[in-house]
Amino acid sequence: MRIIVTGGGTGGHIYPALAFINHLKTIEPESDILYVGTERGLESKIVPAAGINFKTVDVQGFRRSFSLSNFKTLYKFLKSTSDAKKLIKDFEPDVVIGTGGYVAGPVLYAAAKLKIPTLVHEQNSIPGITNKFLSKYVDKVAVAFEAAKPYFPEEKTVFTGNPRAQEVASLEATDILETEYKLRKDKKTVVIFGGSRGAQTINEAVKAALPKFTEKDYQLVYASGQIYYDEDYAEFAKYKENANIAIRPYISNMLEVLASSDLILCRAGATTIAEITALGLPTIFVPSPNVTADHQTKNAQALVDIGAAKMIRDAELTADTMLENISEIFSDESLYQAMSEASKKAGVPDASDRLYKLVKEIEK
Ligand SMILES: CC(=O)N[C@H]1[C@@H](OP(=O)(O)OP(=O)(O)OC[C@H]2O[C@@H](n3ccc(=O)[nH]c3=O)[C@H](O)[C@@H]2O)O[C@H](CO)[C@@H](O)[C@@H]1O
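Keep in mind it's a predicted model, so treat the numbers as computed, not measured.

## Thoughts on the environment of Lys212
- Examined against the element boundaries, Lys212 turns out to sit in helix α8 (residues 200-213).
- The class for Lys212 is partly exposed, based on a relative accessible area of 41%.
- Sequence-distant contacts of Lys212, defined by excluding residues within four places in its chain, comprise Asp320 and Leu323.

If you want it as structure tokens, here you go:
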């Protein structure tokens, strides 16, 4: 299959795309794959590093005003659509699929106008603005939450789950905590991170809690995000040699780390949720209050409702609420087991198979 994949900005849009590409490579190893992103998005680092052919279009200026309603936005859109058309004509794909983020807008719109079969994948329970716009033009919409369906045309929308789930589902614990993080393999581990770029509130709470983490009978792996790591380097450096704590700006082997850990505290980004539930991990969510239509709270609430997770509101997160919630779960084995089972039930371990099937339905 010749396929163009697009999507980016943050990890939550990129990793599902990469997971699907990996899956496709195992089924159709001869596939020709081109990933289209932007220069500024996280994809310009992650995708080439994964050995995938990567090209960019400039989508500067899209931001929240993506409505085609004003002249500047319209101009930018037409310019990036025309750039995308050139890339598409050169590559001659059988299918173009997008996983959200601003870049997916012009690329999928251009492909649809060129009559190439198109599909968008929506990871969230409340869709982003780009995917809602695109759903009018594409052939299929794949969703990872049933709750997202009503936002899209019924006849083209299918529940597939998030491909990242299938990538994770079969992973077993390894000794990575020992070898790469200098922690213990036999100790309970909580992993804390704030989405793919870190989160200020979580960072503040972790910083304040660090002295207490040194005394716990469980250990901490913390990914702060590059920005906070640089800002707080002096503080973090104090714990460099601590046997109970490992701090990194970014965890590049997150799946292995998750599979080797016991409890997660994080933002409620949709791709993170797909990973956590595929592994059946109990979670404490601190949804970001800064996302469209407060969709992270809705993502998290779905798991709280089935007993798979706890939620702390961003405004209520402190070192104390963080530590209390962690202790409550770690100190009650039956609560831990119940949360773990509920989490596993919510996972979609065959999400890539489902998405592949849908792509084959529209392939030229
Ligand atoms: C602020 C914002 O707009 N966030 C959105 C963004 O989230 P964002 O990209 O932050 O979040 P997600 O939780 O969906 O995905 C994060 C991804 O980064 C990985 N990771 C994270 C930290 C780290 O150190 N290493 C690492 O590999 C996680 O394992 C996961 O695969 O896209 C998601 C769609 O999927 C949305 O639901 C989020 O609301």
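Still more to cover.
## Topic: the UniProt feature "domain: Glycosyl transferase family 28 C-terminal" (unreviewed entry) in the protein chain
- Taking the numbering used here, the UniProt-annotated feature "domain: Glycosyl transferase family 28 C-terminal" (unreviewed entry) corresponds to residues 189-355.
- Between the C-alpha atoms that bound residues 189-355 the distance is 33 Å, and the span itself is 50% helix and 14% strand.

## Notes on the UniProt feature "binding site: UDP-N-acetyl-alpha-D-glucosamine" (unreviewed entry) in the protein chain
- According to UniProt, the feature "binding site: UDP-N-acetyl-alpha-D-glucosamine" (unreviewed entry) maps to Thr10, Gly11, Gly12, Asn124, Ser196, Ile251 and Gln296 in the numbering used here. Sequence-wise these annotated residues cover 287 residues; spatially they are dispersed, their C-alpha atoms as much as 22.6 Å apart.
- Contact partners of Asn124, with chain neighbours within four places excluded, come to Phe145, Ala148, Ala270, His295 and Asn299.
- Looking at the secondary structure, you find Ser196 in the loop between β8 (189-193) and α8.
- Classification of Ser196 by relative accessible area gives partly exposed; the value is 22%.

## Description of the packing of helix α3 (residues 71-91) against helix α4 (residues 104-113)
- Two numbers describe how α3 lies on α4: the axes approach to 8 Å, and their chain directions differ by 60°. Taken together, the axis directions place α3 and α4 in an arrangement best described as oblique. Relative to α4, the crossing made by α3 is right-handed. Within the contact between the two elements, α3 uses Phe77, Ser80, Thr81, Ala84, Lys85 and Ile88 and α4 uses Gly105, Pro106, Val107, Tyr109, Ala110, Ala111 and Lys113.
- Here the contact of α3 with α4 is built from residues that sort into eight nonpolar, three polar and two charged.

## Things to note about the site of the ligand
- Taken together, 24 residues are adjacent to the ligand, and Gly12, Asn124, Thr272, Glu275 and His295 come closest.
- The side chain of Thr10 places a nitrogen or oxygen atom 2.7 Å from an oxygen atom of the ligand.
- Considered on its own, the ligand offers 760 Å² of accessible surface; in the complex 88% of this is hidden by protein.
- Where the shell around the ligand is concerned, the elements lending two or more residues are α1 (11-27), α12 (270-279) and α13 (295-305).
- Among the residues forming the shell around the ligand, the class breakdown is eight nonpolar, 14 polar and two charged.

## Describing the packing of aromatic side chains
- The final tally for this structure, using the stated rule, is eleven aromatic pairs.
- Taking 6.1 Å as the distance between ring centres and 45° as the angle between the ring planes, the aromatic pair formed by Tyr35 and Phe54 counts as tilted. Of this pair, Tyr35 sits in strand β2 (residues 32-37) while Phe54 sits in strand β3 (residues 54-56), placing them 19 residues apart in sequence.
- For Tyr35, a relative accessible area of 0% translates into the label buried.
- Ring geometry for Phe77 versus Phe133: centroids 5.7 Å apart, planes at 90°, classification edge-to-face. Of this pair, Phe77 sits in helix α3 while Phe133 sits in helix α5 (residues 129-134), placing them 56 residues apart in sequence.
- Classification of Phe133 by relative accessible area gives buried; the value is 13%.
- An aromatic cluster of at least three residues, connected via ring pairs, comprises Phe77, Tyr109, Phe133 and Tyr137.

## Considerations on α13
- Every buried residue of α13 is accounted for by His295, Gln296, Thr297, Asn299, Ala300 and Leu303.
- Those residues of α13 hidden inside the fold are in contact with α12, β12 (283-285), β13 (309-311) and α15 (333-346).
- Gly307 sits one or two residues past α13 and shows a positive phi near 85°.

## Overview of α12
- Most of α12 is tucked away: ten of the ten residues are buried.
- Within α12 the residues assigned to the buried category are Ala270, Thr271, Thr272, Ile273, Ala274, Glu275, Ile276, Thr277, Ala278 and Leu279.
- Just downstream of α12, Gly280 is the residue with a positive phi angle, here 70°.

## Quick notes on the sheet that holds β8
- As summarised here, the arrangement of the six strands in space is β10-β9-β8-β11-β12-β13, forming an open sheet in which the pairing is parallel. Where the open sheet ends on each side, the last strands, each with one partner, are β10 (245-248) and β13. In this sheet, adjacent strand axes meet at a mean angle of 15° when their direction is disregarded.
- Pairing between β8 and strand β11 (residues 263-266): four bridges, direction parallel. Bridging across to β11, Val190 finds its partner in Leu263.

Cut-offs and rules
- Within each chain, residues carry numbers counting from 1 in the order of the written sequence.
- In keeping with the model being predicted, local features are shown solely for residues with a pLDDT of at least 70 and side-chain atom pairs are shown and tallied solely at 80 or more, while totals for entire chains, interfaces and linings include all residues.
- Just so you know, side-chain values use all the structure's heavy atoms and leave hydrogens and water out.
- For helices the rule is a DSSP run of H or I covering at least 4 residues; for strands it is a run of E covering at least 2, with both sets numbered from the N terminus onward.
- We call a residue buried when its accessible area falls under 20% of the maximum for its residue type, exposed when it is over 50%, and partly exposed in between, using a 1.4 Å probe and counting protein chains only.
- Contacts: residue pairs with any heavy atoms within 4.5 Å of one another.
- UniProt positions are given in the numbering used here, feature names are shortened, and annotations may be inferred rather than shown by experiment.
- Angles run from 0 to 180 degrees between N-to-C directions of axes, and those axes are lines fitted to C-alpha atoms, restricted for helices to the stretch in contact.
- Orientation is classified from the angle alone, with under 35 degrees giving roughly parallel, over 145 giving roughly antiparallel, 65 to 115 giving roughly perpendicular, and any other angle giving oblique.
- Crossing chirality is assigned from the near helix's rotation relative to the far helix, an anticlockwise turn below a right angle marking it left-handed and a clockwise turn marking it right-handed.
- Each residue receives one of three labels: charged for Asp, Glu, Lys and Arg, nonpolar for Ala, Val, Leu, Ile, Met, Phe, Trp, Tyr, Cys and Pro, and polar for the others, Gly being one of them.
- Residues are counted as near a molecule or strand when any one of their heavy atoms sits within 4 Å of it.
- Polar contact criterion, stated in full: a pair of N or O atoms within 3.5 Å, where within protein one must be able to donate a hydrogen and the other to accept it, and residues adjacent in sequence count only if both atoms are side-chain atoms.
- In short, Shrake-Rupley with a 1.4 Å probe defines the accessible areas, and a residue's cover is counted only from the protein chains shown.
- Aromatic rings from Phe, Tyr and Trp, taking only the six-membered ring of Trp, are treated as a pair when their centres fall within 6.5 Å; an angle between ring planes under 30 degrees marks them as stacked, one over 60 as edge-to-face, and anything in between as tilted.
- Two strands pair under a simple rule: DSSP has to find at least two bridges between them.

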